[in-house]
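Analysis of the macromolecular model
Below are the chains, spelled out letter by letter.
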Amino acid sequence: MTDANPKTVYLKDYTPFGWILESVHLTFRLHPTETRVVSRITFAPNPESHQDRFFLHGESLKLISAKLNGQPCEPEVSPEGLTLTPPTGSFVLETEVEISPATNTALEGLYMSNGMYCTQCEAEGFRKITFYPDRPDVMSIFTVRIEGAEPVLLSNGNKGESGDGFADWHDPWPKPAYLFALVAGDLVNHPDQFKTSSGKDVELNIWVRKGDENKCAFGMKALKASMTWDEEVYGREYDLDIFNIVAVDDFNMGAMENKGLNIFNSSCVLASPETSTDDNFERIEAIIAHEYFHNWTGNRITCRDWFQLCLKEGLTVYRDSQFTSDMRSAPVKRIRDVIDLRGRQFREDGGPLAHAVRPDSFVEINNFYTATVYEKGAELIGMLKTLVGDADYYKALALYFERHDGDAATIEDWLQVFEDVTGRNLKRFKRWYTSAGTPRLLVTEKFKNGRYTLTFKQETPPTPGQPQKKPRVIPIAIGLLAPDGTETHPTTILEMTKRQQSFSFEGLTEKPIPSILREFSAPVILQHDITNAVRAILLAHDTDPFNKWEAGQALRRASLMASITQGAAPDSAFLEAIAKVVRDDTLDPAFRALVLQPMSQDDLAQDLTADGQTPDPRAIYDASETLAQSLAEYLSDSLTRLYAASTVESPYRPDAEGAGKRALNARVLSMITRMDGGKTAQKQFEHADNMSQQLAALNALLAQGHGQDASEAFFTQWQGDRLVMDKWFAAQVAFSEPESAADVAQRLTTHPLFDMKNPNRFRAVFGALAMNHAGFHHISGKGYTLLADWLIKLDAANPQTAARMCTAFQTWARYGATHSDLAKAQLARILATDGLSRDTEEMVSRILEG
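To start, this report covers the structure provided alongside it. All figures in this text were calculated on a predicted structure; none of them were measured in a lab.

Helix and strand counts for the protein come out as 27 helices and 31 strands. Taken against the 2.2 N^0.38 rule, which gives 29 Å for 850 residues, the C-alpha radius of gyration of the protein at 27 Å falls within 12% of a compact globule. Its C-alpha atoms put the protein at 85 × 65 × 60 Å along the principal axes. The buried share among the 850 residues of the protein stands at 60%. About 32500 Å² of surface is accessible on the protein, with carbon and sulfur atoms providing 50% of the total. Side-chain charges of the protein comprise 87 positive and 114 negative groups, with the mean position of each set lying 4 Å from the other.

Here it is in structure tokens:
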């Protein structure tokens, strides 16, 4: 283990840095193993700080020289950074360090990817580039010179002078070091222009490796749409002369919002109909929007410290969700967001890794780039907007931008603008930011003498470090339906502020059917005891698309739970209710596809645990397979018609309408494959002219054991395309039978194209194994052993990715003794590894201790 007592950082200990950085000048002399970085920084005392120790972060740096006000000096250098005694008043510190990008496999700081120099500095990567106060509240204006033989030399801000072997860049906007970026390589650009609302021309470029030029057009279209949308919806205009995006193959995350120079994982920007699915196109559109929107919510206004990470990420996730809803289908987007929230964040909130949206301590900040910070953080923004209304929401945002432009802000700053605009006291709402866990919302009904009363009670289970929970403000969107399904009361917002609270509706002639939590108005678990007959009415008639879908999910869950716990056959009422929706051609095909989407087996395990039962992964798998087969048989007389009606003619277009039809087509194809032995899927695979249809056919064949020939043909066709190969690797594992999933993953690690050091490829194999619920949690424990083996190997090269992949183990304690003992043994083995990184050590310790 690296450190027997790793240091814990606490929110309560925040103090401002003792000096202001008036200017930063950096010179990079690039070399694969001997890059020189010369920094010249002007410091001035910070009147708002009482800190007197001058310390600059620095890791894995070889100090060549240091000068203080032009005179050589000998600072104290440790593995963590540099310390010296500064003079009184302002001063200039110059340092020259040497670093080795080519051997930097952690992909933090300056590193190399396929011969290209690139950086990743969030959260604390800049300290691996030069000595610096590497914290988000230290902001300065950067001027950068890059010297190297590479034809393209890029950094933040606007272009300065350039010539043979050098390029200058100047960013006029103060920024923290985590937003610094540098790229150098043999790249080609996909150029365009954008004219802002004030008439300013902005140069746009997407930079890629040669051969990827034909995969940039959609990304550029998405960027321009994002720029227009942010002007129209939030009044935010771009503020530099140029905006660059660079595609990088080796990248730990999806993308990074560095000021004026966004660096993207190749999978999040490169797209073509032949190589990308509809989901890829939508994800690319959303991520490009997300990183661009950070220009204001993250860059111009950043976070004071990393505890405030949700301030920039939650708000920006909410904004990119708004954007996708406007570009595509708002109801479908909302349903997908909730599926993701429940599958990832609710799971996190209910386990050993639970933490507040704004945590109060951490050991390694990289471990808090989580679904809680991002997705739950976005849900809090949505709740605020619901509570204050659209008009006051946008007034508050305008005030936020005006008041805090150029600031490193806090959650308190954020909530204050809403209080100032609306006059509301948001002290109780703030508990959503400071308290972990997912509230349970219990509902009871009473109808008497024309008065209908709903009583809500909120309870939040204990989470690590927070045994007691105070009540939160919960906006409950509700509508009422008559017994025949007619809506009698449109959506209204009930504001729950107490632990238990009742709301009444007067003047009713009969007991209504409530449609509760419309649009999923709060991230809670609703517990409402209603019959399947009522759920069927909601599925058939609810005017709220989310609750309409939710009713179908509740029917599916009830049928599956009965099968798992009682061995019951699939519920015929469920089959008929789903069939009616799927056969209704007036409904959005994308919505119908979501109604057909199987329930996550991990979610079912979570539900069983909540009911006080011990989930059996194999029993969950068997019940899910039985239900899927029964649904295919029930719809057998309609499948051919549905398949034909949802088949989209060429040419392919990545728009919402076509994507929705193809999504339904894929669901129908998977059912047909259960009935015809793969004949239809094989034909589609052979004739598909786009990746959405080709991969859907391959997945359908693999899921039913008919995919060997198609898999070999797919590999032969696409082995030269690294991003398509990620899909191939993932599909082999994802659609394996539980008994063979770990064996397939093991076999793929010996494939010549498997590269542990490439995060995309590692996640393709082991992310798919973790998602194969019954395969990963196989009773033999071989899934646990295999993943532990590879996490130990990866940790030595890339601690950040290894630590994040440890989350596959976070539910280990909910299974029976055989499973949990096997998983616990592997976690202990990881923790006992010599030289284990701080990242992985913290994650495994929390998983075990929780």
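Picking up where we left off.
Under the criterion given, the structure shown has 49 aromatic pairs. Between tyrosine 178 and tryptophan 306, the aromatic rings sit 4.9 Å apart at their centres with planes inclined by 65 degrees, giving edge-to-face as the arrangement. Placement of the pair is tyrosine 178 in the loop between strand 15 (166–175) and strand 16 (182–185) and tryptophan 306 in the loop between strand 22 (302–303) and helix 3 (309–327), with a sequence separation of 128 residues. Tyrosine 178 gets classed as buried once you look at its relative accessible area, which sits at 1%. Centroid distance phenylalanine 243 to tyrosine 292: 5.7 Å. Interplanar angle 65 degrees. Geometry classified as edge-to-face. Here the residue phenylalanine 243 occupies a position in strand 19 (residues 242–248), and tyrosine 292 occupies one in helix 2 (residues 278–293), the gap between them amounting to 49 residues. In terms of burial, phenylalanine 243 and tyrosine 292 fall into one category: buried. When the ring centre of tyrosine 234 is taken as reference, the NZ or CZ atom of arginine 319 above it lies at 4.6 Å. Against the face of tryptophan 432 rests arginine 472, its NZ or CZ located 4.8 Å from the ring centre.

Once that is clear, we can look at helix 19 (residues 708–718). When helix 19 is considered as a whole, its buried residues turn out to be Ala710, Ser711, Phe714, Phe715 and Trp718. Buried residues of helix 19, seen end-on, are gathered within an arc of 135 degrees and therefore sit on one face of the element. Of the exposed residues in helix 19, those oriented more than 90 degrees away from the buried face are Gln708, Asp709 and Thr716. Considering only its buried residues, helix 19 is in contact with helix 17 (679–687), helix 18 (691–703) and helix 20 (722–734).

This brings us to the sheet that holds strand 29 (residues 500–505). With respect to topology, four strands assemble into an open sheet ordered 29-26-25-31, the strand pairing being mixed. Looking at which strands have only one partner, the edges of the open sheet turn out to be strand 29 and strand 31 (525–528). If you compare each strand with its neighbour and ignore which way they point, the axes differ by 25 degrees on average. Both strand 25 (residues 440–448) and strand 31 contribute to a ladder of four bridges, which runs parallel. In the sheet register, arginine 440 faces strand 31, and the bridge partner there is isoleucine 525.

Attention now goes to the nonpolar core. With 261 residues, the main nonpolar core has Trp414 and Phe429 as its most contacted residues. Among the elements that take part in this core, helix 5 (residues 371–388) stands out by supplying nine residues, more than any other.

Relative orientation of the contacting elements helix 9 (residues 532–541) and helix 10 (residues 545–566) amounts to 145 degrees, with a least axis distance of 7 Å. Where helix 9 crosses over helix 10, the two elements pack in a sense that is left-handed. Facing Asn532, Arg535, Ala536, Leu538, Leu539, Ala540 and His541 of helix 9, the residues of helix 10 in contact are Lys548, Ala551, Gly552, Ala554, Leu555 and Ala558. Class assignment for the residues of the contact of helix 9 with helix 10 results in eight nonpolar, three polar and two charged.

Within the open sheet, the five strands sit side by side as 17-18-19-21-20. Their pairing is mixed. Each edge of the open sheet is held by one strand with a lone partner, namely strand 17 (187–195) and strand 20 (255–256). In this structure, strand 17 lies alongside strand 18 (residues 201–209), joined through nine bridges in antiparallel fashion. Note on strand 18: the bridge partner recorded for proline 191 is asparagine 205. Contacts from helix 2 reach strand 19, strand 20 and strand 21 (261–265) within the one sheet, and its direction differs from that of strand 21 by about 150 degrees.

Right, let's talk about the packing of helix 3 against helix 5 for a bit. Running from amino to carboxyl end, helix 3 crosses helix 5 at an angle of 70 degrees, the nearest separation of the two axes being 7 Å. Relative to helix 5, helix 3 is oriented roughly perpendicular. On helix 5, the residues touching Leu309, Cys310, Glu313, Gly314, Leu315, Val317, Tyr318 and Gln322 of helix 3 are Val373, Tyr374, Gly377, Ala378, Ile381, Gly382 and Lys385. Counted by class, the contact of helix 3 with helix 5 contains nine nonpolar, four polar and two charged residues.

This part takes up the side chain of threonine 455. On the secondary structure map, threonine 455 appears in strand 26 (residues 451–459). At 2.7 Å, the side chain of threonine 455 forms a polar contact with the side chain of serine 502. The contacts of threonine 455, once residues within four sequence positions are left out, are Leu442, Val443, Thr444, Gln500, Gln501 and Ser502.

Along the chain, threonine 749 turns up in the loop between helix 21 (741–748) and helix 22 (759–771). When near neighbours in sequence (up to four residues on either side) are disregarded, threonine 749 contacts Phe754, Phe766 and Trp790.

Turning our eyes to something else, we now look at the pairing of strand 16. Both faces of strand 16 are covered, namely the face carrying Leu182 and Ala184 and the face carrying Val183 and Gly185. Direction of pairing for strand 11 (residues 116–120) relative to strand 16: antiparallel, over a ladder of two bridges. Paired with tyrosine 117 across the bridge in strand 16 is alanine 184. In terms of strand pairing, strand 13 (residues 152–155) meets strand 16 through four bridges, oriented antiparallel. For leucine 153, the partnering residue across the bridge sits in strand 16 and is alanine 184.

Taken as a whole and assessed by the stated rule, the structure comprises 60 salt bridges. Across the pair arginine 29 and glutamate 147 runs a salt bridge, and its minimum N-O distance is 3.3 Å. Here the residue arginine 29 occupies a position in strand 2 (residues 19–29), and glutamate 147 occupies one in strand 12 (residues 140–147), the gap between them amounting to 118 residues. Judged by its relative accessible area of 38%, arginine 29 is partly exposed. Taking the shortest distance from any N to any O, the salt bridge between arginine 838 and glutamate 364 comes out at 2.8 Å. Of this pair, arginine 838 sits in helix 27 (residues 838–849) while glutamate 364 is found in the loop between strand 23 (361–362) and helix 5, placing the two residues 474 residues apart along the sequence. Each of Glu122, Glu257, Lys312 and Glu313 takes part in one network of salt bridges that share partners.

Definitions and cut-offs
Residues numbered from 1 in each chain as written. Predicted model: local features only at pLDDT ≥ 70, side-chain atom pairs only at ≥ 80, totals over all residues. Heavy atoms only, no water. Helix = DSSP H or I, 4+ residues; strand = E, 2+ residues; numbered from the N terminus. Rg over C-alpha atoms; globule rule 2.2 N^0.38 Å. Buried < 20%, exposed > 50% of the residue type's maximum accessible area, 1.4 Å probe, protein only. Areas by Shrake-Rupley, 256 points an atom, 1.4 Å probe, with all protein chains shown as cover. Lys, Arg positive; Asp, Glu negative; His and termini not counted. Charge placed at Lys NZ, Arg CZ, Asp CG, Glu CD. Phe/Tyr/Trp six-rings, centres within 6.5 Å; stacked < 30°, edge-to-face > 60°. Lys NZ or Arg CZ within 6 Å of the ring centre and 35° of its normal. Arc of directions from axis to C-beta. Contact = heavy atoms within 4.5 Å. Pairing = 2+ DSSP bridges. Axes fitted to C-alpha atoms, helices over the stretch in contact; angles between N-to-C directions. Core = buried A, V, L, I, M, F, W, Y, C linked by side-chain atoms within 4.5 Å. Left-handed = near helix turned anticlockwise from the far one by under 90°. Nonpolar A, V, L, I, M, F, W, Y, C, P; charged D, E, K, R; others polar. Parallel < 35°, antiparallel > 145°, perpendicular 65-115°, else oblique. Polar contact = N/O pair within 3.5 Å; in protein donor to acceptor, adjacent residues only side chain to side chain. Salt bridge = Lys/Arg side-chain N within 4 Å of Asp/Glu carboxyl O.

Just geometry here; none of it tells us what the structure is for.
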